[in-house]
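# Examining the three-dimensional arrangement
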Amino acid sequence: MSSVINQAIGLAAGLNENQWSQINQATASLNPQQLTWLSGYLAGLAQTGQPAALPQIDNGPAKSLTILYGSQTGNAKSVAQEYKAKLDALNVPSKISSMADYKQKQLKTESHVVVIVSTHGEGEAPDDAVALHSFLGGKKAPKLNDLNFAVLGLGDTSYEFFCQTAKDFDKRLQDLGATRITDRVDCDVDYDADVTAWFETVTHQVKDQLGAKSSQSAASSLNLGAGSVAATQYTKKAPYTATLLESQKITGRDSVKDIRHIEISLEDSGIQYRPGDALGVWFKNDASLVGELITVLGLENDAPVNWSNDNYSFNDVLVNKLELTLSYPTFVSKYAEYANHVELNALLDDKSVLREYLAQRQIIDIVRQFPAKVTAQEFVDTLRGMTPRLYSIASSQAEVEDEVHLTVALVEYDAHGHVHQGGASSFLSTRLDEGGEVNVFVETNDNFRLPDDGNVPVIMIGPGTGIAPFRAFMQQREAEEASGENWLFFGNPNYTQDFLYQTEWQRFVKDGVVNKVSLAFSRDQEEKVYVQHRMLEQGEELYRWLEQGAHLYVCGDANHMAKDVQDALVQIVIEHGAKSEEQAEQYVSDLRRAKRYQKDVY
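Conventions we followed
Residues numbered from 1 in each chain as written. Predicted model: local features only at pLDDT ≥ 70, side-chain atom pairs only at ≥ 80, totals over all residues. Heavy atoms only, no water. Phe/Tyr/Trp six-rings, centres within 6.5 Å; stacked < 30°, edge-to-face > 60°. Lys NZ or Arg CZ within 6 Å of the ring centre and 35° of its normal. pLDDT = per-residue confidence, 0-100. Contact = heavy atoms within 4.5 Å. Pairing = 2+ DSSP bridges. Helix = DSSP H or I, 4+ residues; strand = E, 2+ residues; numbered from the N terminus. Axes fitted to C-alpha atoms, helices over the stretch in contact; angles between N-to-C directions. Salt bridge = Lys/Arg side-chain N within 4 Å of Asp/Glu carboxyl O. Buried < 20%, exposed > 50% of the residue type's maximum accessible area, 1.4 Å probe, protein only.

## Here we look at the packing of aromatic side chains
A complete count under the given rule lists 23 aromatic pairs for this structure. Pairwise contacts between aromatic rings join F314, Y328, F331, Y335 and F379 into one cluster. The cationic tip of R471 hangs over the ring face of Y501; the distance from NZ or CZ to the ring centre is 4.7 Å.

## Structural notes on the confidence of the model for the protein chain
Chain-level pLDDT for the protein chain is 88 on average; 86% of the residues reach the 70-or-more range. Counting contacts from residues 1–5, a segment whose pLDDT is below 50, to residues more than four positions away or on other chains yields one contact. With pLDDT under 50 throughout, residues 52–60 is counted as low confidence; its partners more than four residues away or in other chains account for one contact.

## Let's talk about the sheet that holds strand β20 (residues 551–556)
Strand order in this open sheet of five strands is β19-β18-β17-β20-β21, and the pairing throughout is parallel. Each edge of the open sheet carries a strand with a single partner, namely β19 (516–521) and β21 (597–601). Mean inter-strand twist for the sheet, computed between neighbouring axes without regard to direction, equals 10 degrees. Alignment of strand β18 (residues 486–492) against β19, held across six bridges, turns out to be parallel.

## Some thoughts on the pattern of salt bridges
Counted according to the given criterion, the structure contains 24 salt bridges. Between D258 and R260 there is a salt bridge whose closest N-O contact spans 2.7 Å. According to the relative accessible area criterion, D258 is buried, its value standing at 18%. For R507, the salt bridge is made with D511, and the minimal N-O distance between the two is 2.8 Å. Salt bridges sharing partners connect three or more residues here, namely K77, D277, D446 and R449.

So, in structure tokens, the structure goes:
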């Protein structure tokens, strides 16, 4: 009887008999709970006039592109963040992670991964990539037959192990069965064009496979990425125009070194930095050097040239845009086509000989030795763009507020009958007047950080200008009234000439901020003494500090000092930890993975 009444009501509401029959068929198998839900759905439909979207069926985890970066100074991280922002703008689903934070076993569940990684030291992985690099090369690495991958390397062709870490990742992923999305690209220091082309190639290959997110999801990801990408409005590509406050020589009159304490104003910039970060400095080439180079080439100052799609005079582009004080293999290979000299061509056949040759020469030395007939534009095309120099920041904003301090060694030497100077160091030390403008940006370095816990002891090893970040560390720990003990190892040629920031370190000791200072002045006695010797002399106590949880930091020369310190550290663990050489090396490696052994070397 009720069905007859309901049908009558339905017909009165405008339903025809066919529609009524379809409703009955559709609802015949529904239980009371389902009918209740359907009544609410139909009521909502009556109000909106739009059918609701069907609930999505979960067919397993959605595919996305995972961006993994390994970065020592911040370049690889910045490139990875830039790519993440581009993918978000295109609604391509993606995730981004430092290799240090990535769960290694998750790799076997990924469908698409890109690796963006720099190379550190002599072909070593950067600190945040060490664990993943080791895992992929070890026995526990999984088969990755379902993974698609691409690798981008950042490096410098001037170094022997150019982009070695990227090459390692590329080979190991292939050996584990993964499939390349595209060939690996190894970028030199002037990498913008190569990076952009790589972005486009990878994105073209994966966007259809991954599909697009909804606009809401894409916007959410873009907002998440923006916080990390735009931590400051001033970047390498958009630096802040700061003011030089002071450039003061802090080595003695008779010192073999000219080291400057540099103070720069960041007033009204809003720039924030942390101890351990670096300051990127854009500089101008010496006008006299540029003038001499143009004369040697037999060209005119005002010859029109194009660089990076902008027009300049020859003089202006050499002063402001191009790398002249560092020489590099790509210049030789391009310039040799114009010089057509047997000796220069022969250098290109032996990479090790070429690197040794370039280490002792600037661009002008090569042009003097091998004259060539070139136009201004042809010569510009042989050069690479200027890259900013990174200096470890020597101050804490807890102490200096809207200033930033640097410790800069003036590079100056005689070679091939001429005086040579470094580009940025001479700009900051001798060519930029106080009150002059300098373009700067902060390069964050999360691989060189004080412990979060102020009670943790700290060991600092920083000869020469390597002392810079430790001045910042101690200013910060003093401001925070951190209770952890602090031990400094410092070395330089002479005590009376080269004890950098001597009065400040004496005050730190007097006030109880620094508990122990071990000094190594190499030329104050007949037998040369360096920081690694002081470490070995006090190895028992140093090992005890490590066993008590101390964090150890090394800053300075990568080629010799850092290696010697590493060897000394292993020897200390062998002797005072009663371990074999293999166990000691593993102990040191474990310190590094735990971020208790951090290096800022150059």
